[in-house]
Amino acid sequence: MQEPLAGSNSLALAIGVMTHPANAAMRGRARHTWLADALQTDRHRSVAVVARFVVGNQFSRCKRVQEALAIEHASFHDIAYVQAPDCHKGFGGEKVHAWYAYALATWPEAKWLAKMEDDGMLRMDALTQLVFSMPRDVDYAGFMQWQATCSLVLTPMPGSRSEQPCAGCWAGYFTDTHARKPWIRRHRCTSVNSFGTQIWPGSAQCPAIYHAPFACGPFELRSVRLAITVASCKYANDYFTAMSRRSLALQQSANPQASPICSSTDGSQGHVIGRCIGNSTLDLVDLGDHVQKYAIDSQFPANGSAGVMILHPLKAPNAAYWSMFWNRLRKGVPFVPKSMMRARVALNASQAQFVSWARWTPPRPRHEL
C-alpha cells in the first residue's frame, strides 16, 4: 500500500483537466457533475483531492477568449495556467507535460497526479478508493495500450532544411500481448507511418523506434515518483517543444493531406515516459476497457454498469446528452470494482517486454456520495 495518509488534510491526488480556453460550456458541465464530487471529497473521505482546469499561458492563437477566461477564473478559482502554448490541438502533449510540472510545484505534498480531459467524466468515489489502495510499487495507471515512436532528432535532415517527419505506430492493446508472448509484437511496428509513407528505423529520419505503454483516452494517473522523473527529463522538454513546433508547421503547410497533429496527446506521454525511464522497469495497472467506456449506447447502455469509472462522451453535443450519461455513470448503480491487470514492464532500447503480470482487484468504495 501507499504510505498512510496523515488525516483528512493530506492531499492524495491533484487532477488536471485539459480544456481549450474557449470551452466554457464543457467546463460548466463538469463543475455540475463529476467535479462536484471532487469538491465533496474532503467531507466524505480521508483522501483529499484538488482539481483544476488546465490551459496554456501562451494565448497568441486565441487572444479573443483571454478576457472571458480571466472572468471565469475570478468566479470559480479553478483554472491553472501552465507554461505551454494553447488553442491548437497539436499543443496537447506539451500542455499535459506542463501540467505535471505545475502540479509538482504547486502541491508538493500530493501523492498522486492525474490528467483528465474536459470531454470525459469519472466517478470520484471509485478513483479515490483506487488511489488509496494502489500497490506501493505502481507508478502509472490508465487504459493501457502500446505505441512505438521514433527517437527525437532535432537537427535538420541531411541535404534538407526540413525537420524530422512526424511518424508513429499503434502497437496494440495491452492485454493482447502478454497471453501469447512476454514481449511486444514488434512486427506491428517494424516501421512507422508518416502520412502514408513508411519510415524505417536506422534511417536519418528515424534512428530508432521505442516501444512503450501509454494510457489511452481522457485519463491517466502517475505517482509523484514518475511525475518527477519525467518533469525533470531534458528529453521530454525537447520532445514536446519539437512536437508543438512541428504540428504548427503542418497546419501552415500547403499540403492539404497533412494532419495538424505531429503526435497524439496520449501516445506522446507514453513515448517520453519510456525514454525518460531509460533501461529500467515500469510498474503499472491497466484499468482495461471495462473500467473506461465511450458514451455510446453500445458500450454503456441505459442500465449502466457497476464497474465503469471513466466515461468519454467525446464532446457531448448538448447538456442533455451529457446529463443523461452522467446519470447512467454515477446515479444508476453502486460502483463495484472489477479485476485489473498489474504488470511490470522492462523498457529497453527499441523493445518493451513483460517481466511479470497478475490480476488485481481494488477494494469496494467504503462510502457513497
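Parameters at a glance
Residues numbered from 1 in each chain as written. Predicted model: local features only at pLDDT ≥ 70, side-chain atom pairs only at ≥ 80, totals over all residues. Heavy atoms only, no water. UniProt positions renumbered as here; feature names shortened; annotations may be inferred. Helix = DSSP H or I, 4+ residues; strand = E, 2+ residues; numbered from the N terminus. Buried < 20%, exposed > 50% of the residue type's maximum accessible area, 1.4 Å probe, protein only. Contact = heavy atoms within 4.5 Å. Areas by Shrake-Rupley, 256 points an atom, 1.4 Å probe, with all protein chains shown as cover. Disulfide = S-S within 2.5 Å.

Looking at an unreviewed UniProt entry, one finds the protein named Hexosyltransferase and attributed to Prymnesium parvum. Within the UniProt record for the protein, the comment given under Subcellular location (unreviewed entry) is "Golgi apparatus membrane". Its UniProt record, at the heading Sequence similarities (unreviewed entry), says of the protein: "Belongs to the glycosyltransferase 31 family."

Colleague: Can you walk me through the overall build of the protein in this structure?
Modeller: Secondary structure assignment for the protein yields ten helices and 17 strands. Relative to its full complement of 369 residues, the protein shows a buried share of 56%. Long-range pairs, those at least 24 residues apart, make up 77% of the contacts in the protein with a sequence separation of at least 6. Of the roughly 15600 Å² of accessible surface on the protein, 54% is carried by carbon and sulfur atoms.

Colleague: I would appreciate a short explanation of the environment of Cys206 in the present structure.
Modeller: Secondary-structure assignment places Cys206 in the loop between β10 (197-199) and β11 (209-215). Between the C-alpha atom of Cys206 and that of Ser151, which follows or precedes it by 55 residues, the distance is 6.5 Å. In this structure Cys206 touches Cys150, Val192, Ile199, Trp200 and Pro201, once residues within four positions along its chain are discounted.

Colleague: For this particular structure, what's the right way to read unusual backbone geometry?
Modeller: Trans is the prevailing form of peptide bonds, just as negative phi is the prevailing case for residues other than glycine. One non-glycine residue with positive phi stands out, namely His77, at about 55 degrees. Turning to its location among the elements, His77 is positioned in the loop between α3 (66-76) and β3 (79-85). Here His77 falls in the exposed class, since its relative accessible area comes to 54%. Positive phi, close to 75 degrees, is recorded for Cys87, a residue that is not glycine. Mapped onto the elements, Cys87 comes out in the loop between β3 and α4 (92-106). For Cys87, a relative accessible area of 13% puts it in the buried group.

Colleague: Please explain the state of the cysteines as it appears in this structure.
Modeller: Two cysteines, two sulfur atoms, one covalent bond between them: this is a disulfide. Across all of its chains, the model carries four disulfides by this definition. A sulfur-sulfur separation of 1.6 Å characterises the disulfide bridge that pairs Cys62 with Cys87. Between Cys62 and Cys87 the disulfide shows an S-S torsion of about 50 degrees. By sign, it is right-handed. Of this pair, Cys62 sits in the loop between β2 (48-58) and α3 while Cys87 is found in the loop between β3 and α4, placing the two residues 25 residues apart along the sequence. Cys87 carries the same exposure label as Cys62, and that label is buried. Paired through a disulfide, Cys233 and Cys276 show a sulfur-sulfur distance of 2.2 Å. Residues Cys233 and Cys276 share a disulfide whose torsion about the S-S bond is about -90 degrees; that sign makes it left-handed. Residue Cys233 is found in the loop between α7 (224-231) and α8 (234-252), and its partner Cys276 is found in helix α9 (residues 265-277); the two are separated by 43 residues along the sequence. Assigned by exposure class, Cys233 and Cys276 land together as buried.

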